There are 2 protein chains.
Amino acid sequence: MKRTLIREIFTTKPIDQEVVVKGWIRSVRNSKKFSFVVLNDGSDQDSLQIVVDATLPNYQDVASLLMGSAIGVKGKIVASNGKQPVEMLALEIEVIGRTTEEYPLQKKATSLEFLREQAHLRIRTNTFGAVARVRHELAQATHKFFSERGFFYLNSPILSAVDAEGAGEMFAVTSFNLNEPEKFPKTNGKVDFSKDYFGKEAFLCVTGQLEGECYAMGLGQIYTFGPTFRSENSNTTRHLSEFWMIEPEIAFAGLDEVAELGADYIKYMINHALTYCSKELEFLLSREESVLKLDHIETLKHVRDSKFQRVTYRDAMAILEKCGKKFEYPVGFGHELQTEHERFLAEEHFKAPVIVTDYPKQFKAFYMKLNPDNETVRAMDILVPGIGEIIGGSQREDKLELLQRRMDELNMQQDPLWWYLDLRRFGSVPHAGFGLGFERAIMYITGMTNIRDVIPFPRTPKNCDF
Amino acid sequence: MKRTLIREIFTTKPIDQEVVVKGWIRSVRNSKKFSFVVLNDGSDQDSLQIVVDATLPNYQDVASLLMGSAIGVKGKIVASNGKQPVEMLALEIEVIGRTTEEYPLQKKATSLEFLREQAHLRIRTNTFGAVARVRHELAQATHKFFSERGFFYLNSPILSAVDAEGAGEMFAVTSFNLNEPEKFPKTNGKVDFSKDYFGKEAFLCVTGQLEGECYAMGLGQIYTFGPTFRSENSNTTRHLSEFWMIEPEIAFAGLDEVAELGADYIKYMINHALTYCSKELEFLLSREESVLKLDHIETLKHVRDSKFQRVTYRDAMAILEKCGKKFEYPVGFGHELQTEHERFLAEEHFKAPVIVTDYPKQFKAFYMKLNPDNETVRAMDILVPGIGEIIGGSQREDKLELLQRRMDELNMQQDPLWWYLDLRRFGSVPHAGFGLGFERAIMYITGMTNIRDVIPFPRTPKNCDF
């Protein structure tokens with residue numbers, strides 16, 4: 001008999017029918033004449049309760065199984081008065097995979113911190129199962145959202161020879177044997193990268209935007225959804241060395257269009273999660289250690305249904321100067337908007353997501369379009385309560401001479417970006433886009449507070465296990 | 001007025017209505033009283049013909065625009081006797097971005113080879129627009145297929161400390177400054193990777209399978225869809241250094257389930273492409289340089305509707321031995337199935353996709369489940385006409401002692417894979433999965449013959465431009 005997923009049983013409630021389920025035991029509770037086995041197969045947040053009669057031939061074996069053991073059960077579905085609408089009466093049980101007392105996921109030791117060291121097993125817990133299913137649904141929502149709006153999915157390259165953000169925080173990639181640095185090929189005393197795999201220095205991408213612009217100039221509207229990398233030495237709850245980004249880019253568009261697109265996208269994701277992950281969100285927000293509680297669901301509904309606020313950087317700084325609150329970092333035009341400022345704006349002042357626009361050019365990347373004031377650029381950040389910046393975007397400089405001038409100001413080499421400049425030489429058009437850090441969006445929606453807990457296998461300084 | 005995508009105009013045919021379109025000029029043909037401008041905005045394979053009356057104020061300017069220039073046109077949609085059902089009568093034209101005689105995409109110079117050096121611009125051609133839209137739709141189909149069947153999307157890690165395939169063809173990733181190898185930190189004369197970013201040697205993943213197995217042991221059914229890497233020095237039309245793979249993994253399943261899943265997935269993709277990309281496929285297959293012609297569409301329909309053939313490696317070798325055909329590489333049990341053999345089986349013998357199973361263990365990775373014959377493993381490859389292997393999969397060894405014995409035979413270190421072995425220590429279950437190279441699937445469906453032409457920015461030896 002083919003196995004049925006537990007999610008399907010909860011959905012179709014096949015009362016009085018015989019089905020086969022297979023999964024891992026979450027708990028066994030023994031009474032005199034029965035055992036109650038709680039079985040989870042990963043398909044659903046909830047587990048199926050299975051009533052095992054002591055008359056079953058291998059009852060003794062089953063009743064002594066440890067948490068984490070895998071079994072297959074043929075049984076009859078019956079209505080239940082328990083937490084779930086249905087439960088199962090076992091007819092036959094097959095023990096598929098046993099476990100031992102050394103199984104790390106014991107009830108007493110499941111702090112999120114401990115589980116990070118068990119990233120290969122933590123997916124078997126309620127918390128990480130819930131996060132994984134939310135992550136899955138938000139990825140599906142992302143593809144649906146952009147596809148429905150006529151955006152084409154672009155796999156921008158991961159390996160790259162240029163430092164697109166000019167931030168110098170890139171990992172180097174090589175086929176040289178790092179164990180033998182003395183054997184690196186050299187010419188005139190310098191390492192000769194023409195002998196490396198790609199014939200030049202290569203890096204892991206920090207963004208797919210520049211290639212995204214190339215594709216927007218042909219397909220009109222594109223989005224990327226892929227991994228990006230930073231080698232900065234940030235050991236915080238908000239930074240990963242490897243994380244996933246979504247970056248749409250629209251030709252014939254300005255900042256207003258992408259600001260609206262960004263707001264729509266966040267609302268779409270929230271609505272999707274509320275629709276398809278209600279069990280998961282309820283579970284995650286009900287946990288004792290969750291900082292956000294169940295009323296976060298109301299907050300999400302509010303955000304989904306409300307208009308995002310708009311404010312210029314200049315006005316945002318004026319608000320911060322006048323608000324009377326003490327900040328660690330200075331405020332006022334010419335200072336950076338720090339996370340504490342962003343969170344004040346979103347959480348206390350506007351009490352809603354807020355789109356901050358027109359930042360001073362010195363804080364932003366070289367490719368952003370200069371405003372007529374010659375001082376600010378057509379940039380925007382979308383700030384959400386609890387997180388701060390979740391989206392960063394801009395209209396791009398589409399005038400060749402202005403872009404070149406800005407690169408000169410920043411002492412950037414133009415040669416490696418000849419192809420990027422070509423976009424301004426041949427049929428250049430106004431265009432704009434943004435980047436959303438996927439993990440930050442998941443944190444925002446689930447209320448998880450450490451970014452290491454919303455990506456399956458986190459990579460951070462000194463951590464590349466599994 | 002907001003712009004309308006050309007795809008929408010072809011779909012809704014808003015006859016007699018005024019709309020605005022924006023795009024890039026594919027050609028301008030001038031007659032005495034009119035110009036005919038062919039405009040493409042990337043949303044559709046086909047371009048919109050725009051009739052420009054000589055009485056328009058900026059007619060002279062428009063009539064002299066070069067191919068590749070960007071314009072915005074306000075105009076009225078009218079029925080057409082041309083190739084398209086509708087065309088546009090221009091009322092106002094705005095010149096948005098000009099181009100020059102140096103624009104590389106001139107009609108005379110658009111060989112696929114030349115266009116590879118213009119990867120930033122080639123998306124503006126009919127061929128690469130078509131490939132990009134097919135690629136987009138196949139990615140959407142992939143997420144839909146697995147999601148509908150209850151698989152969860154897993155973002156397996158890109159950075160990895162283990163050589164999962166044991167093939168040693170991995171790129172090294174470091175934050176050491178490669179320009180100064182003499183400054184690499186050393187301890188006892190050896191490079192000290194504990195001082196590198198991750199505190200150990202790190203690489204780019206060759207597969208997400210091992211982490212996929214971890215997640216299948218919790219979520220039941222998962223799939224990955226992400227970039228993978230090979231540093232092998234293969235300069236062929238079928239190899240990339242960076243390519244995208246789809247890797248499903250199912251708990252409580254054997255080889256038959258994943259063979260069936262693989263066949264269903266290929267059929268689903270074909271059906272999706274035939275449904276949503278018929279214009280694109282027709283265009284690509286009608287090109288003079290296309291090896292496959294329009295009847296490839298009939299072949300695809302046939303594959304979609306037919307049962308995939310099954311044959312064991314042993315029987316496949318017997319077929320090859322008896323077929324009377326001369327091969328470059330030897331045939332018979334104990335020899336590798338080469339591409340020439342795979343293509344003979346799929347194209348000439350079975351004339352259909354064929355699933356070859358149960359390969360000798362020495363040709364396959366350490367994690368595949370040993371058959372009772374002690375000689376072959378529960379592996380399968382799906383071969384398709386024109387390409388050869390498109391899917392490789394297996395049931396995984398779920399018995400700890402057998403897996404460890406195999407690793408010992410291959411002199412593999414077990415320590416770095418402690419977490420992978422844990423899956424066999426705690427609640428181990430039969431499980432199986434496969435990998436599909438996304439680019440090979442696109443080649444198969446579109447008939448494109450060089451893998452560099454089905455990924456936006458190909459990375460190959462000595463090539464990491466753009």
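Procedures and definitions
- Residues numbered from 1 in each chain as written.
- Chains lettered and ligands numbered in written order.
- Predicted model: local features only at pLDDT ≥ 70, side-chain atom pairs only at ≥ 80, totals over all residues.
- Heavy atoms only, no water.
- Phe/Tyr/Trp six-rings, centres within 6.5 Å; stacked < 30°, edge-to-face > 60°.
- Lys NZ or Arg CZ within 6 Å of the ring centre and 35° of its normal.
- Domains from an automatic or database assignment.
- Contact = heavy atoms within 4.5 Å.
- Buried area = accessible area lost by both parts, 1.4 Å probe.
- Salt bridge = Lys/Arg side-chain N within 4 Å of Asp/Glu carboxyl O.
- Pairing = 2+ DSSP bridges.
- Helix = DSSP H or I, 4+ residues; strand = E, 2+ residues; numbered from the N terminus.
- Axes fitted to C-alpha atoms, helices over the stretch in contact; angles between N-to-C directions.
- Nonpolar A, V, L, I, M, F, W, Y, C, P; charged D, E, K, R; others polar.

## Quick word on the packing of aromatic side chains
Residue and element names in this part refer to chain A.
Then step 1. As enumerated under the stated definition, the model contains 59 aromatic pairs over all chains in all.
Then step 2. Here the aromatic cluster, defined as three or more aromatic residues joined through ring pairs, consists of Phe145, Phe146, Phe151, Tyr153, Tyr223, Tyr265, Tyr268 and Phe434.
Then step 3. Sitting above the plane of the Tyr359 ring, Lys364 keeps its charged end 4.2 Å from the centroid.

## Brief notes about the domain arrangement of chain A
All names here are of chain A.
Then step 1. Once the domains are mapped, chain A shows domain 1 (6-102) and domain 2 (124-155 + 253-453).
Then step 2. Between the C-alpha centres of domain 1 and domain 2 the distance comes to 44 Å.
Then step 3. Contact residues are listed per partner, giving eight residues for domain 1 and nine residues for domain 2.
Then step 4. Surface buried jointly by domain 1 and domain 2 totals about 720 Å² across both partners, of which 27% is contributed by carbon and sulfur atoms.
Then step 5. Between the two partners, domain 1 and domain 2, sit three salt bridges.
Then step 6. A salt bridge links Asp44 to Lys279, with the nearest nitrogen and oxygen atoms 2.7 Å apart.

## Digging into the sheet that holds strand E17 (residues 388-395) of chain A
Two orientations exist for strands paired in a sheet by backbone hydrogen bonds: parallel and antiparallel.
Residues and elements named next belong to chain A.
Then step 1. Spatially, the eight strands line up as an open sheet ordered E6-E12-E13-E18-E17-E16-E15-E14, and their pairing is mixed. A strand with exactly one partner marks an edge of an open sheet, and here the two such strands are strand E6 (152-154) and strand E14 (309-312). Taking the axes of each pair of neighbouring strands and ignoring which way they run, one obtains an average angle of 25 degrees across the sheet.
Then step 2. The pairing of strand E16 (residues 376-384) with E17 spans six bridges and is antiparallel. Looking at E17, one finds that Leu383 is bridged to Glu389.

## Structural notes on the interface of chain B and chain A
Then step 1. Of the residues lining the interface, 113 residues belong to chain B; the matching set on chain A comes to 113 residues.
Then step 2. Contact between chain B and chain A buries roughly 9200 Å² in total, counting both sides, with carbon and sulfur atoms accounting for 64%.
Then step 3. Sorting the residues of chain B by area buried against chain A places Tyr197, Phe252 and Phe426 of chain B first, and these three jointly supply 9% of that buried surface.
Then step 4. Here chain B and chain A share four salt bridges between them.
Then step 5. No other element matches helix H4 (residues 126-148) of chain B, which puts nine residues into the side of chain B that touches chain A.
Then step 6. Looking at the side of chain B that touches chain A residue by residue, the class counts come to 57 nonpolar, 32 polar and 24 charged.

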